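Read off the chains here:
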Amino acid sequence: MEEFIQHVINGLSLGSIYGLIALGYTMVFGILQLINFAHGEIYMLGAFIGMYSTMFLGLEDKPSIMSLLSVLFISMAGCALVGFTIERLAYRPLRRSPRINLLITAVGVSLFLQFSGQILFGSDPKFFPQIYQLDIEDFTFGELVIEPLQIIVLILSIALMIILQTVIFKTRLGRAMRAVSFNHDLASLMGIPTNRIISATFMIGSALAGAAGVLVGLTYPKIEPLMGTLPGLKAFVAAVLGGIGNVTGAVLGAFTLGLAEEFLVGYWIPNYRDALAFSILILILLFKPSGLLGVNRAEKV
Amino acid sequence: MRNLFLKSAALMTLASASAFAAEPIKIGEVGSMTGSEATFGISTHQGIELAIKEVNSAGGVHGRQLQVISLDDQGKPEEAATAVTRLISQDKVIALLGEVASSRSLAMGPIAQKNKIPMVTPSSTNPKVTEIGDYVFRVCFIDPFQGQVMAQFALDNLKYKKVAILRDVKNDYSVGLANFFTERFKQGGGEIVIDQSYSAGDIDFKAQLTAIRQKKPEAIFVPGYYTEVGLIARQAKNLGIKATLMGGDGWDSPKLTEIGGGAMDNAYFSNHYSSEDTSPQVQQFIEKYKKAYGSVPDGLAAMGYDAAMVLIDAMKRSPAALKTSDIRAQLAGTKDFQGVTGKITIDDKRNAVKSAVVLKVSKGTFKYETTIKPG
């Protein structure tokens, strides 16, 4: 029983990271019908910005909640900036082009970021500074161990997701984002500055990915320039699983994927961990392409 | 007239002889200077470089200087194959040093064998590497022995009877070593309570470790590379696992304790050499290396140095024309060569028969625990 609960805890931690990244995918798709393949790399940049800012501010030897929050903030801001730049330089000029052009550009940006990362940071794995240490012991219930860090990561992720939900459903910005996602031209006719809204969407999504990068760097202290590829793809699968374009769906899909991965590896065959995500993708696209929470939107011809 | 002819003939011979003497001996090196196991490639490269500089300043081999052409394979077997092809066909090397990882040596070996270029791997321990052909040699022990070493250590020194295995399923070295350990451990009356696996590049091992924790082993044998082992140690500690961690020479890197931190303490692994060895040859080597590179050499650097020296020794014993078949023959005949990592004799399977040391990780350093002799 304890083993089961341990797996549940581990799966939820994993899922919360996927969730932060998946939100960025789903928001951008909702608003632009674009799958931003470069999103995984923004997550990677978040981890590296986190590492370098810790070093720059000299925080490696001063672990505390304040250090963590400041590094998190810097990382999120940095990634928001990167997201904004990518949208402006790579995607906006292609706004009226066929979608395939945008898709290819996204892949191009992804590769560009990966290999620039290798040149700039060096392709060997780096150790992420442990800027957070709490003197609380791990919570143990018999064999079950819950690290305080896992709880902090879970709480932070959920908090960020709730903030996002609030923004989207309870603020004017959110309403504007939803309007633009329904129809660009109509929204702009209503007086909504579509370009600005789109930039804001990118920035928010990227900030969340950046946060995920820092949290992952903290939990699994090894980071390297190619670390964003696989989690990026898995987060994309999570977003599709939940219904791409649907924010709640992304979160649901992410937790589902995290738990599924954990149970597969823990109880069955560890080797198929990565294959699971892609099998789920194929199955969902075959049987319920709109995802668990997605709604089939008919296109009027 | 005859005098002039004789003099000019003599001058021409002298000129061509000196031109010939000036041409350097080209040796190719393939290593992972970047990528997940970058420290393996960099350490080995530095060890090789040190050996080459030493020999060159003493006059070189057959009056010629040695030149090493190093290519980075980024830790990928496909790149290793490309690199070795380039070294043979474009740079026309007459011998090869590399690679550290068995997976990459297995990619390089067939190409070296086909082109009859002798290849000496400093640290690949999987037995399949030298089985590729008679032009592939190694100066280290092989995994059937290394697996035995840790199994024996667990049974006799630590008195463990229940061990779990956590192997890297994408890595030939890891899979092989895990199998050899299992064989010997079971032979000695031990029990493998669970056999889990991961893939190189994974960062989350909690699922596998939770399953291992259920079985309550006294130790976990993790024959992988230092990048993942560091994370595994951390996560095992966080999950409250008290079992001792054990591993092989893939752990040998300063980054192991950087990534693993305090969770690595009191773990044991088998290796080719210990920097605490008091023999004068080892200490001299450590001094030279520290002066050149500013750090204490790890096992990879020592093996790189020895591999280069063994190759050079074989070249010295070959006729000056340095035909690759002669170099190969002399390599095969290497007997009792005194290397930094011990006495190296190449047996008829082109492997080196050597002792292994067991090191204990303690507060960021590797402390010598014991030596286990072959046979």
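Only a predicted model underlies this, so the values are computations on that prediction, with no experimental measurement involved.

Another aspect to go through is the overall build of chain B. The helix and strand tally for chain B stands at 12 helices and 14 strands. Rg of the C-alpha trace for chain B: 22 Å, near the compact-globule value of 21 Å for 375 residues, within the 12% margin. C-alpha extents for chain B along the principal axes are approximately 95 × 40 × 35 Å. Buried residues in chain B amount to 55% of all 375 residues. Put simply, of all contacts in chain B between residues at least 6 apart along the chain, 68% involve residues at least 24 apart.

With that out of the way, let us pick up the interface of chain A and chain B. Where interface size is quoted, it is often the accessible area lost as the parts come together. In this assembly, 22 residues from chain A lie in contact with 26 residues from chain B. With five residues, the top contributor of residues to the side of chain A that touches chain B is helix H1 (residues 2–32) of chain A. Each residue belonging to the side of chain A that touches chain B can be placed in one class, and the counts come to eight nonpolar, seven polar and seven charged.

This part takes up the domain arrangement of chain B. All names here are of chain B. For chain B, the domain assignment lists domain 1 (2–141 + 279–344) and domain 2 (144–271 + 358–372). Here the C-alpha centre of domain 2 lies 32 Å away from the C-alpha centre of domain 1. Contacts between domain 1 and domain 2 engage 15 residues on the former and 16 residues on the latter. Mapped onto the side of domain 1 that touches domain 2, the elements with two or more residues apiece are helix H4 (102–114) and helix H11 (299–317). Ranked by residues supplied to the side of domain 1 that touches domain 2, first place goes to H4 with three residues. Of the residues assigned to the side of domain 1 that touches domain 2, the class counts are five nonpolar, eight polar and two charged.

Time to look at the pairing of strand S2 (residues 66–72) of chain B. Residue and element names in this part refer to chain B. Direction of pairing for strand S1 (residues 25–31) relative to S2: parallel, over a ladder of seven bridges. Opposite Gly31, over in S2, you have Asp72 as the bridge partner. For the handedness criterion, the β-α-β arrangement of S1, helix H2 (residues 38–57) and S2 is classed as right-handed.

Moving on, we get to helix H10 (residues 280–293) of chain B. Residue and element names in this part refer to chain B. For H10, with 14 residues, the first-to-last C-alpha span of 20 Å sits near the 20 Å given by 1.5 Å per residue. Where H10 is concerned, the buried positions are Val282, Phe285 and Tyr289. For H10, the angular spread of buried residues about the axis comes to 60°, placing them on one side. Turned more than 90 degrees from where H10 packs its buried face, Pro280, Gln284, Glu287, Lys290 and Lys291 sit exposed.

All names here are of chain B. Here Lys288 shows up in helix H10. Looking at Lys288, the number of C-beta atoms within 10 Å reads 16, which means it is partly exposed. It is 12 Å that separates the C-alpha atoms of Lys288 and Val340, two residues lying 52 residues apart in sequence.

Residue and element names in this part refer to chain B. Where strand S8 (residues 219–221) meets strand S9 (residues 244–247), three bridges bridge the pair, whose relative direction is parallel. Bridged to Ile220 within S9 is Leu245. Handedness of the β-α-β unit built from S8, helix H8 (residues 226–238) and S9 comes out right-handed. By the bridge criterion, two bridges tie S9 to strand S10 (residues 268–271) in an arrangement that is parallel. Bridging across to S10, Gly247 finds its partner in Phe269.

All names here are of chain B. Put simply, Gly98 and Glu99 share a cis peptide bond, and its omega is -5°. Tracing the sequence through the fold places Glu99 in the loop between strand S3 (95–97) and H4. A positive phi angle, near 55°, is found at Leu322, a position not held by glycine. Within the fold, Leu322 resides in the loop between H11 and helix H12 (324–332).

Residue and element names in this part refer to chain A. When you line up the elements, Gln118 lands in helix H4 (residues 99–121). Residue classification places Gln118 among the partly exposed positions, given that 17 C-beta atoms sit within 10 Å. Considered as a pair, Gln118 and Glu224 are 106 residues apart in the sequence and their alpha carbons are 8.1 Å apart. In this view, Gln118 contacts Ser123 and Pro225; residues no more than four positions away in its chain are not counted.

Bringing the sheet that holds S8(B) into the picture now. Residue and element names in this part refer to chain B. As summarised here, the arrangement of the seven strands in space is S7-S6-S8-S9-S10-S13-S14, forming an open sheet in which the pairing is mixed. The sheet is open, and its two edges are formed by strand S7 (191–198) and strand S14 (365–372), each paired on a single side. Neighbouring strand axes in the sheet, compared pairwise and without regard to direction, differ in orientation by 25° on average. Strands in contact with helix H5 (residues 143–157) are strand S6 (162–168), S8, S9, S10, strand S13 (356–362) and S14; relative to S13, the strand with the most contacts, it is inclined by about 60°.

This part covers the packing of helix H10 (residues 247–267) of chain A against helix H11 (residues 273–287) of chain A. Residues and elements named next belong to chain A. At a minimum axis distance of 9 Å, the contact between H10 and H11 shows a crossing angle of 135°. With respect to H11, the axis of H10 lies oblique. Seen along the crossing, H10 lies across H11 with a hand that is right-handed. Two secondary-structure elements touch here, H10 through Leu257, Ala260, Glu261, Leu264 and Val265 and H11 through Arg273, Leu276, Ala277 and Ile280. Its residues assigned to classes, the contact of H10 with H11 comprises seven nonpolar, no polar and two charged.

Turning to helix H2 (residues 39–57) of chain A, a few remarks are in order. Three or four residues apart is the spacing at which side chains of an α-helix point the same way, because the helix has 3.6 residues per turn. Residues and elements named next belong to chain A. The end-to-end C-alpha distance of H2, which contains 19 residues, comes to 27 Å, matching closely the 27 Å that a straight helix rising 1.5 Å per residue would cover. Most of H2 sits inside the fold, with 15 of its 19 residues counted as buried. One or two residues past the end of H2 sits Gly58, with phi positive at roughly 65°.

About the criteria used
Residues numbered from 1 in each chain as written. Chains lettered and ligands numbered in written order. Predicted model: local features only at pLDDT ≥ 70, side-chain atom pairs only at ≥ 80, totals over all residues. Helix = DSSP H or I, 4+ residues; strand = E, 2+ residues; numbered from the N terminus. Rg over C-alpha atoms; globule rule 2.2 N^0.38 Å. Buried ≥ 20, exposed ≤ 12 C-beta atoms within 10 Å, placed from the backbone. Contact = placed C-beta atoms within 7 Å. Nonpolar A, V, L, I, M, F, W, Y, C, P; charged D, E, K, R; others polar. Domains from an automatic or database assignment. Pairing = 2+ DSSP bridges. Right-handed = clockwise from strand over helix to strand, strands pointing away. Expected span 1.5 Å × (residues − 1). Arc of directions from axis to C-beta. Axes fitted to C-alpha atoms, helices over the stretch in contact; angles between N-to-C directions. Parallel < 35°, antiparallel > 145°, perpendicular 65-115°, else oblique. Left-handed = near helix turned anticlockwise from the far one by under 90°.

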